[in-house]
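Analysis of the macromolecular model
For reference, the chains in residue letters:
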Amino acid sequence: MGKIKGCGNESCEAHKKKITYKESEAFCSKCGSPLVYVCKDCYTQLPDYTEKYCVRCLAKHEDRKNKAKKVGGGALAVGCVILTFGKKALDVAKKIKG
Amino acid sequence: MDENIKSKNGYMDLASPVSDELSPYSATYPVELLSNGLKLKLAQAENIAESVYRAVAKASPMVAQVREATKKGYKYVVDATESTLEAIESGKIKLTTENSGEMYAQIREANGHYGSKLPIKKEMFEKGIDPIQMANALQMKVLQEQVQQIADQIAVIDHSVREVIQGQQNDRIGLYYSGLTLYFEARKINDSELKKALIAQSLRALSEATFQLGLSMQSDIKYLADGEFKIGKGKSVGLIDSRMYSINQSFAFIHQATMLRAGIYCNEGELTAMSTVLKEYSYFIDGTVAKNAGLLAQCDTTDTGTEKGVWKSRAKLKLDVSEFNKKLNAPDKTIYLGVSKENE
């Protein structure tokens, strides 16, 4: 799903400029070489049965997700703390007013 | 092969001259040592082939050689004319055997004394050609093209390896440097026994270095293949990069140690051992690198994954030393130098 292709010919302009093609396309529009699966991020040539990212880029994405989860979790905790203290502050304010 | 790489590894062109000064501290030392050894063997083969050709062509008809060559691997017959054979029978020419077992022909002079040795005999024995050495040298000559192909393939890998080696210092590569230093010292020693002992120690250290690094490399590849880096949540890329650094380092020093071992054997005249080392290296590449080239290319930031990429070009190394080994180990490599009648 969502795999992309690129030109495997190192001397081709499409390869140098890292031009990507749809999975349905078979040949390079610049040099006519057969297209190969490439990593969506770094353009490294991939075997046919692989995913859309190379091992390293996939790991990079996973790392980002994990970091985002950590940051998200942290933000949620901070939010909860603020909410609790805010509620308490509001109660105190109401008492003073009343 | 990429012309650019070939030009940068000019010393691996066996037609180029032998390098005079080799520095053991240079990253190119192992492969230059091997290259120089091969060049010297080819030059030796050229000289021997020429002297054999001159000697044989002077005294032997081509037909006799061709006929014998089809029956036995190598057979050179030093032919004598009808008049020479008659002279031997009548006693005008005497075949004498010295204590060393070498045979000479001498002509009886008018006063009945035997005169000087026949020129053909002088030429063959005074040059001290050892038939086995001669056979090896001639086979080396036959295999020249194959040896150049092997050298070309090695040059491709050597180019990428040297970039990794620069500035690498740690305990994992200590054995390699131990082997290198011992060999360098051995070359400067005059005492033949001590020299042999040091060379043996050097070869052992290099062999141990090769196998230790080989196992370490296999373990690192397995780590990547099994996806063990995923355990370090948020740090996977760092773990992949550190394993790739280790793999690149191991491969670089396995290559250097292998080339140095092959070079030492070649310079010591042990061509069969040299081809065995290259064969082992070829098996290692096939079993460890070629099988995992795709994975390694994906994990290596310097690789593009194409056929010319770092790992796929390394995986292509298939040093076909089978023919080389077969010819060097052929039992029928005796060169017969004898006397026969042309019509036999």
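Details of the structure are given in the entry above.
Here's a quick rundown of the structure. Note that this is a predicted model, so its numbers are computed, not measured.

Reading guide: rules and limits
As a convention, each chain's residues are numbered from 1 in the sequence order in which they are written. All chains are assigned letters beginning at A, and all ligands numbers beginning at 1, according to the order in which they are written. The model is predicted, so local features are restricted to residues of pLDDT at least 70 and side-chain atom pairs to those at 80 or more, both for listing and for counting; the totals for chains, interfaces and linings are taken over all residues. To obtain the side-chain values, all non-hydrogen atoms of the structure were used and water was disregarded. A run of H or I in DSSP counts as a helix once it spans at least four residues, and a run of E counts as a strand once it spans at least two, with each numbered from the N terminus. With a 1.4 Å probe rolled over the protein chains alone, any residue whose accessible area is under 20% of its type maximum counts as buried; one over 50% counts as exposed, and the rest are partly exposed. Residue contacts are counted whenever heavy atoms from the two residues lie within 4.5 Å of one another. Here the accessible surface of atoms and residues is derived via Shrake-Rupley with a 1.4 Å probe, and residues count as covered only by protein chains that are part of the display. DSSP bridges decide pairing: two strands pair if at least two such bridges lie between them. Angles shown run from 0 to 180 degrees and are taken between the N-to-C directions of axes, each axis being a line fitted to C-alpha atoms and, for helices, limited to the stretch in contact. Any angle that is under 35 degrees is reported as roughly parallel, and any over 145 degrees as roughly antiparallel; angles of 65 to 115 degrees are reported as roughly perpendicular and all others as oblique. Helix crossings are classified by the rotation of the near helix relative to the far one: an anticlockwise turn of less than a right angle makes the crossing left-handed, while a clockwise turn makes it right-handed. Each pair of aromatic rings taken from Phe, Tyr and Trp, with Trp reduced to its six-membered ring, is defined by centres within 6.5 Å and is described as stacked if the planes are under 30 degrees apart, edge-to-face if over 60, and tilted in the remaining cases. Placement of a positive charge over a ring is assigned whenever Lys NZ or Arg CZ falls within 6 Å of the ring centre and within 35 degrees of the normal to the ring plane. Between Lys or Arg on one side and Asp or Glu on the other, a salt bridge is scored when a side-chain nitrogen of the former is within 4 Å of a carboxyl oxygen of the latter. Accessible surface is computed with a 1.4 Å probe, and the buried area is the amount of it that two parts give up when combined, taken over both parts together. As used in this structure description, the phrase polar contact means that two N or O atoms lie within 3.5 Å; if the pair is within protein, one of them must be able to donate a hydrogen and the other to accept it, and residues adjacent in sequence are counted only when both atoms belong to side chains. Three classes are used, and their members are as follows: Ala, Val, Leu, Ile, Met, Phe, Trp, Tyr, Cys and Pro are nonpolar, Asp, Glu, Lys and Arg are charged, and the others, Gly among them, are polar. Only buried residues count toward a nonpolar core, which is a set of Ala, Val, Leu, Ile, Met, Phe, Trp, Tyr and Cys residues joined through side-chain atoms within 4.5 Å.

Helix and strand counts for chain B stand at 14 helices and five strands. A burial count over chain B gives 49% of its 344 residues as buried. Sequence separation of 24 or more characterises 69% of the internal contacts of chain B that already satisfy a separation of 6 or more.

Take the overall build of chain A next. Helix and strand counts for chain A come out as two helices and three strands. Overall, chain A shows an N-to-C arrangement of helices and strands of β-α-β-β-α. Taken across its 98 residues, chain A has 29% of its residues classed as buried. Counting every atom, chain A has about 6800 Å² of accessible surface; 61% of that belongs to carbon and sulfur.

Quick look at the pairing of strand 1 (residues 4-7) of chain A now. Residue and element names in this part refer to chain A. Residues of strand 1 alternate between two faces, with Ile4 and Gly6 on one and Lys5 and Cys7 on the opposite face, all of them buried. Two strands pair when backbone bridges link them, and strand 1 and strand 3 (residues 35-38) are joined in this way by four bridges, in the antiparallel orientation. Across the sheet, the residue bridging to Cys7 is Leu35, located in strand 3. Judged from the two bridges that link them, strand 1 and strand 2 (residues 20-21) form a sheet pairing that is antiparallel. Opposite Lys5, over in strand 2, you have Tyr21 as the bridge partner.

Residue and element names in this part refer to chain B. Where helix 10 (residues 236-267) meets helix 11 (residues 271-289), the closest approach of the two axes is 7 Å, and the angle between their N-to-C directions is 160 degrees. If you check the angle between helix 10 and helix 11, you find them roughly antiparallel. Considering only the axes of helix 10 and helix 11, their crossing is left-handed. Touching Phe251, Ile254, His255, Thr258, Met259, Arg261, Ala262, Tyr265 and Cys266 of helix 10 are Leu271, Ala273, Met274, Val277, Leu278, Glu280, Tyr281, Phe284, Ile285 and Val289, all from helix 11.

Let us now look at unusual backbone geometry. Residue and element names in this part refer to chain A. For Lys18, which is not glycine, the phi dihedral falls at a positive 55 degrees. Positionally, Lys18 belongs in the loop between helix 1 (13-16) and strand 2. Even without a glycine there, the phi angle at Tyr43 is positive, about 70 degrees. As for its placement among the helices and strands, Tyr43 is situated in the loop between strand 3 and helix 2 (55-97). With a relative accessible area of 6%, Tyr43 lands in the buried category.

Strand order in the open sheet made by the three strands is 2-1-3 (chain A), with antiparallel pairing throughout. In this open sheet, the two strands that pair with only one neighbour each are strand 2 and strand 3 of chain A.

On to the packing of aromatic side chains. Under the counting rule described, the total for this entry stands at five aromatic pairs over all chains. When the ring of Tyr176 of chain B is compared with that of Tyr177 of chain B, the centres are 5.1 Å apart and the planes differ by 65 degrees; the resulting orientation is edge-to-face. For Tyr176 of chain B, a relative accessible area of 3% gives the class buried. Look at Tyr177 of chain B and you get partly exposed, because its relative accessible area is 28%. Ring geometry for Phe251 of chain B versus Trp311 of chain B: centroids 5.6 Å apart, planes at 65 degrees, classification edge-to-face. With a gap of 60 residues between them, Phe251 of chain B in helix 10 and Trp311 of chain B in helix 13 (residues 310-315) connect regions that are remote in the sequence. Residues Phe251 of chain B and Trp311 of chain B agree in their burial class; the two are buried. Here a set of aromatic residues connected by ring pairs shows up, and it is made of Tyr176, Tyr177 and Phe253 of chain B. Stacked on the ring of Tyr37 of chain A, the Lys or Arg Lys5 of chain A has its end atom at 5.3 Å from the ring centre.

Under the defined criterion, the tally for this structure stands at eight salt bridges over all chains. Taking the shortest distance from any N to any O, the salt bridge between Glu13 of chain A and Lys17 of chain A comes out at 2.7 Å. Residue Glu13 of chain A is classed as partly exposed on the basis of its relative accessible area, which comes to 42%. Take Lys17 of chain A: its relative accessible area is 57%, and that puts it in the exposed class. Arg243 of chain B serves as the salt-bridge partner of Asp220 of chain B, at 2.9 Å between the closest nitrogen and oxygen. Here Arg243 of chain B lies in helix 10 and Asp220 of chain B lies in helix 9 (residues 192-225), a separation of 23 residues in the sequence.

Next up on the list: the interface of chain B and chain A. Reports of interface size often rely on the accessible area that becomes lost once the parts have come together. If you look at the interface, chain B gives 21 residues, while chain A gives 17 residues. Taken over both partners, the interface formed by chain B and chain A buries close to 1500 Å², and the fraction arising from carbon and sulfur atoms is 56%. Of all residues in chain B, Gly234, Val237 and Gln298 of chain B give up the largest surface area on contact with chain A, accounting jointly for 42% of the area buried on that side. Summed over the shared surface of chain B and chain A, the result is one salt bridge. Note that Arg56 of chain A is salt-bridged to Asp241 of chain B, the shortest N-O span being 2.7 Å. The tally of links from chain B across to chain A stands at nine residue pairs in polar contact (both at pLDDT 80 or more). For the side of chain B that touches chain A, the secondary-structure elements that each account for two or more residues are helix 10 and helix 12 (293-299) of chain B. Split by residue class, the side of chain B that touches chain A holds six nonpolar, nine polar and six charged.

Here we come to the nonpolar core. Residues and elements named next belong to chain B. By size, the foremost hydrophobic cluster in this structure holds 60 residues, and its most contacted members are Met217, Leu224, Phe251, Tyr281 and Trp311. When residues of this core are assigned to their parent elements, the largest contribution, 14 residues, is made by helix 10. Setting aside its immediate chain neighbours within four residues, Met217 contacts Ile247, Ser250, Phe251, Ile254, Phe284, Thr288, Val289 and Trp311.

The analysis is restricted to geometry; functional conclusions fall outside its scope.
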